[in-house]
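Listed below, chain by chain, are the residues.
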Number of protein chains: 2
Amino acid sequence: MEFSSKLLEQAVYEMSQLPGIGKRTALRLVLHLLRQSESQTEHLTQALTKLRTDIKFCKNCHNISDVELCEICSNPNRDASVVCVVEDVRDVMAIENTSQYRGQYHVLGGKISPLDGIGPQDLTIHSLVEKVKAGEIEEIIFALSSTMEGDTTNFYIYRQLEEYRIKTSTIARGIAVGDELEYADEVTLGRSILNRIPFENSLKN
Amino acid sequence: MEFSSKLLEQAVYEMSQLPGIGKRTALRLVLHLLRQSESQTEHLTQALTKLRTDIKFCKNCHNISDVELCEICSNPNRDASVVCVVEDVRDVMAIENTSQYRGQYHVLGGKISPLDGIGPQDLTIHSLVEKVKAGEIEEIIFALSSTMEGDTTNFYIYRQLEEYRIKTSTIARGIAVGDELEYADEVTLGRSILNRIPFENSLKN
C-alpha cells in the first residue's frame, strides 16, 4: 500500500497492530476518525491512555479493577471459601452474567502455553496456592476453556494444591470442547457451574 | 455487559464507536493493549492524535497529504489537463496501484447522499468547477463507485460542468454495479481507466 501521507501511514500501521485488524480495515477505521470531529479521536486516545496507565488489578483475585480490592472480593455476601479459577476478565464477566455463582474468582491472566512462552510463573498461580495454604479456601472450581492449554493449566494447579486436600471441581463439560468460554450461551454456562464434577472424575474422560 | 472497571468500560465504549467494531471485539482489542507494553498504546494514541491534528489536505486535489500541495499535484510528469474525480484517498490509492493513470485527481470527500445529510455543498465540487472555469482542465474522468449515490454525484457534477464543454468520461463499467471501488482487482480497475466512455453514453445504459 502506497500512502499519500506519512501521518496516515503511521496511524494505519499502529492500528493494524491490533489483533484481527488488517491494513485495509485499519485504513477504514482511521479514515472514519478523520471524518468525525476531533473530539472523538481525543476521547478514544484519552480513554486508552487512561486505561493503560491507571488500571489496577484487585490484590485478592487479580481481576481488572479501579480500586485495590474489587467489588466482588469486597462484597460480604460473596462466599470467600469458594474460588472459581478463570483466565481473564472476560470469563468473570461471562460467569457473572449467568447469576448462578456467589463465590469469588481468581484470575490467572492466561493459560500455561509453552509455545507462546507462557509458563506457570507468568500467571498468578503462586498467589492462589498461598491463599489455599492460608486455609481460606474450601473449594476450587476450574473454569478455564477446555483446550489443551486450559487442561494443562488445570492439571498443573491441581497438582500444586493436592497436598492441601481441598475440594476441586471443573465446570461441567456442557461446553463444547475447543470452544472459548466467553462465547458460551448463558444457560449452558450457568448449568455447567451448577453441575460441576470432582476434578478426579474429569481426568477419566 | 457489566464491567469490573469504569476505565475498562470507557475504553471499550470509545473503541466500539468505530465502524464494524462491536462491544465484544472492542473488549478483545482493549484487553490486547493491556497485555502489551505501555509503549504500544502510546504509539497508537500518538499516531492517531498526530494524524487528527496535523493532517493537511492538498489545496489542489483535496487528497490527504503532509504538505500543502500533494506529491501527485506537484509532479511535473503528471498531466494536469486530465482530472479523475474520486470519493476519497482509498480510491486514489487503488487507481495509483494500477500504474495506468498519469493525470491528476480531485477528491470529493464523499458522495451526494440526502439520506445521510450530505449535499453538494459538503463536497469539494465548487473547487472543481472553479478549476474547470479557469480553463485548466480538458477532461474529467468520473471514477466514483457505481452506486445510486455515485451516479447522482456524477450527474450533478456533469450538469455543473455542461456549459464549459469539456470532455467528460466515466471509467468503464467493468466493475460490477454496487461493488466498492477499493475492492476491485487491479486489472479490472486499470482497464476501466483505459476504456473510459463519454459520460453521455453512460446515461443510455
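Before reading further, recall that the structure is shown in the block above.
Below: a short report on this structure. Counting restarts for each chain, with residues numbered from 1 along the sequence as it is written. Whichever chain is written first is A, and whichever ligand is written first is 1; the rest continue in order. The model is predicted, so local features are restricted to residues of pLDDT at least 70 and side-chain atom pairs to those at 80 or more, both for listing and for counting; the totals for chains, interfaces and linings are taken over all residues. With hydrogens and water set aside, each side-chain value is computed from the structure's full complement of heavy atoms.

1. Quick word on the interface of chain A and chain B
Turning to step 1, where the next piece is worked out: Every residue pair with non-hydrogen atoms within 4.5 Å of one another is taken to be in contact. Contact residues are listed per partner, giving 53 residues for chain A and 53 residues for chain B.
Turning to step 2, where the next piece is worked out: We count a salt bridge whenever a side-chain nitrogen from Lys or Arg sits within 4 Å of a carboxyl oxygen from Asp or Glu. Between the two partners, chain A and chain B, sit one salt bridge.
Turning to step 3, where the next piece is worked out: Between Arg 35 of chain A and Asp 88 of chain B there is a salt bridge, and its shortest N-O distance comes to 4.0 Å.
Turning to step 4, where the next piece is worked out: In protein, a polar contact requires one atom able to donate a hydrogen and another able to accept it; more generally it is a pair of N or O atoms within 3.5 Å, and residues adjacent in sequence count only if both atoms are side-chain atoms. Here chain A and chain B share 12 residue pairs in polar contact (both at pLDDT 80 or more) between them.
Turning to step 5, where the next piece is worked out: Secondary structure elements are defined from DSSP: runs of H or I of at least 4 residues count as helices, runs of E of at least 2 residues count as strands, and each element is numbered from the N terminus. Of all the elements in the fold, those that place two or more residues in the side of chain A that touches chain B are α1 (6–15), α2 (23–35), α3 (38–54), β2 (64–65) and α4 (89–98) of chain A.
Turning to step 6, where the next piece is worked out: Considering each element in turn, the side of chain A that touches chain B owes the most residues, 14 residues, to α3 of chain A.
Turning to step 7, where the next piece is worked out: Three classes are used: nonpolar for Ala, Val, Leu, Ile, Met, Phe, Trp, Tyr, Cys and Pro, charged for Asp, Glu, Lys and Arg, and polar for all others, with Gly counted as polar. Each residue belonging to the side of chain A that touches chain B can be placed in one class, and the counts come to 24 nonpolar, 15 polar and 14 charged.

2. Comments concerning the pairing of strand β5 (residues 139–142) of chain B
All names here are of chain B.
Turning to step 1, where the next piece is worked out: With burial as the criterion, each face of β5 is covered, one bearing Glu 139 and Ile 141 and the other bearing Ile 140 and Phe 142.
Turning to step 2, where the next piece is worked out: At least two bridges found by DSSP between two strands are what make those strands a pair. The sheet contact formed by strand β3 (residues 79–86) and β5 spans four bridges and is parallel. Bridged to Val 82 within β5 is Glu 139.
Turning to step 3, where the next piece is worked out: Note on the crossover from β5 through helix α6 (residues 148–161) to strand β6 (residues 167–170): the handedness is right-handed. Between buried and exposed lies partly exposed: a residue is buried under 20% and exposed over 50% of the maximum accessible area for its type, with that area taken using a 1.4 Å probe on protein chains only. Seen with its strands pointing away from the viewer, a crossover is right-handed if its path from the first strand over the helix to the second goes clockwise.

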